[in-house]
Amino acid sequence: MDSEKIEIFDTTLRDGEQVPGCKLDTKQKLIIAEQLDSLGVDIIEAGFPISSPGDFLSVQEISKIVKNAKVCGLTRANKKDIEVAAEALRFAKRPRIHTGIGTSDSHIRFKFNSTREQVLERAIEAVKYAKNFVDDVEFYAEDAGRTDNDFLAKVCEEVIKAGATVLNIPDTTGYCLPEEYGRKIKYLRENVKDIDKAILSCHCHNDLGMATANSISGIINGARQIECTINGLGERAGNTALEEVVMIIKQHPNLNFHTNINSKMLNEMSYLVSELMGVPVQPNKAIVGANAFAHSSGIHQDGVIKNRETYEIIDPREVGINESSIVLTARSGRSALAYRFKNIGFDVTKVELDFLYQEFLKIADTKKEVNNDDLSFMMKSFNQKI
Ligand code: KIV
Ligand code: ZN
């Protein structure tokens, strides 16, 4: 069976940029948008045009330069938001309006002081209104993760009738368990009339560290779009990390999915976003963290030096990293030390290594990491002794 395409919807410039301290100016957003387009994302959510004149301008300028991806603008379910988004997207080759409203009882009661019936009406009206400006209208049911499934199915059915092309099912609060989120998607696939007229989309937050697992569970159960950000940036604990879902799909061919992402650009992309947003990537971050391909304990290093596959499930070149690193610490063994000496031009014999290793441990116990300068110094002292 041919593998099925998963659309990658990047929201680094919208949900990602909502994070305090991540604010970008238009020039910086254009740099990121251009790179996302080259990376191969299918949809770039460029911003929330009504939120500020600066964001409007950014969405407008991004619309002008993006060549391949669809460009999307977020709105609430009201006419003014939709008109402003449509205007900002005017120059986009493939514009998408992303409109929606909270559908959980807590949103309906506390945010809108409204009723399910009134919210359903607003959802339908918003989609119909957006259709006056663009063909491609994505509807989000905010807090779908905590929305009653029957009501959610009703909303989905009605917005499809109104013309929605994509149904975003956000786990806005990052509360769902993967199995639960997957079941929700399956329920919608099985209970919404004409569900094949729209694509179901996963938009998962990471409050309990399950955003990636939930998105994967979503596609296994019938969703065909994942909303995600570079480095997993986003409100609070962030969104699903683009690099993670892309590599899960790639490394698990049995899932029978593919994406359009050029994975060899992932490391560079992560670095660019981290630099421009001023948010460092945690060292142990999957795929793009500084330690994602670094081996530091003796047992692991010995294995990797003999054959990379013993401890690596991804060839680092697949994500744009030339090679994995063997880091020297007090937990490293002889084979790692010999390997690192060789890398700086010293081929040591077994007897020499036995001696040097004892010297190495003395240094390693005083430092977090033994570097090439330390190794050269050790070699110089050793040569002076013999
Ligand atoms: O998390 C969320 O529900 C959102 C919507 C606005 C799509 O970001
Ligand atoms: Zn979100």
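Residue positions are counted from 1 within each chain, in the order its sequence is given. A letter from A marks each chain and a number from 1 marks each ligand, given out in the order of writing. Where local features are concerned, this predicted model is filtered to residues with pLDDT of at least 70; where side-chain atom pairs are given and counted, the filter is 80 or more; whole-chain, interface and lining totals use all residues.

The chain is annotated in an unreviewed UniProt entry as 2-isopropylmalate synthase of Epilithonimonas zeae. Entered under Sequence similarities (unreviewed entry) in the UniProt record, the comment concerning the chain runs "Belongs to the alpha-IPM synthase/homocitrate synthase family. LeuA type 1 subfamily." UniProt, in the comment section headed Pathway (unreviewed entry), describes the chain in these words: "Amino-acid biosynthesis; L-leucine biosynthesis; L-leucine from 3-methyl-2-oxobutanoate: step 1/4." UniProt positions are given in the numbering used here, feature names are shortened, and annotations may be inferred rather than shown by experiment.

A. The arrangement of the packing of helix H8 (residues 211-220) against helix H9 (residues 242-251) in detail. The axes used here are C-alpha line fits, helices contributing only the stretch in contact, and every angle between their N-to-C directions lies in the interval 0 to 180 degrees. The way it works is that DSSP assigns letters per residue, a run of H or I at least four long becomes a helix, a run of E at least two long becomes a strand, and they are numbered from the N terminus. Put simply, H8 and H9 touch, their axes get as near as 10 Å, and they point 45° apart. The angle between H8 and H9 places the two elements in the oblique class. In this structure, H8 meets H9 at a crossing whose hand is right-handed. Listed contacts from H9 to Thr212, Ser215 and Ile216 of H8 are Glu244, Val245 and Ile248. Split into classes, the residues belonging to the contact of H8 with H9 amount to three nonpolar, two polar and one charged. Put simply, angles under 35 degrees are roughly parallel, angles over 145 are roughly antiparallel, angles from 65 to 115 are roughly perpendicular, and the rest are oblique. In this scheme, a crossing is called left-handed if the near helix is turned counterclockwise away from the far one by less than a right angle; it is called right-handed if the turn is clockwise. By definition, residues are in contact whenever their C-beta atoms, placed on the basis of the backbone, come within 7 Å of each other. Gly is put with the polar residues, along with every residue not named as nonpolar or charged; the nonpolar set is Ala, Val, Leu, Ile, Met, Phe, Trp, Tyr, Cys and Pro, and the charged set is Asp, Glu, Lys and Arg.

B. Unusual backbone geometry, seen in detail. Of note, Asp143 is a non-glycine position whose phi angle comes to about 65°, a positive value. The residue Asp143 is located in the loop between strand S6 (136-142) and helix H6 (149-162) in this model. Given 22 C-beta atoms within 10 Å, Asp143 falls into the buried group. Here the phi dihedral of Asn231 falls at roughly 65°; this positive angle occurs in a residue that is not glycine. By secondary structure assignment, the location of Asn231 is in the loop between strand S9 (225-228) and H9. Exposure classification rests on a simple neighbour count of other C-beta atoms within 10 Å of a residue's own: a residue reaching 20 or more is buried, one at 12 or fewer is exposed, and one in between is partly exposed. C-beta atoms are placed from the backbone. Residue classification places Asn231 among the buried positions, given that 27 C-beta atoms sit within 10 Å.

C. Up close: the confidence of the model for the chain. Mean pLDDT over the chain stands at 97; residues scoring 70 or higher make up 100%. Each residue carries a pLDDT score, the predictor's confidence in it, ranging from 0 to 100. Mean pLDDT per element in the chain: helix H14 (residues 372-385) is the minimum at 93, and S9 is the maximum at 99. In the predicted complex, the global pTM is 0.96; the interface-specific ipTM is 0.99.

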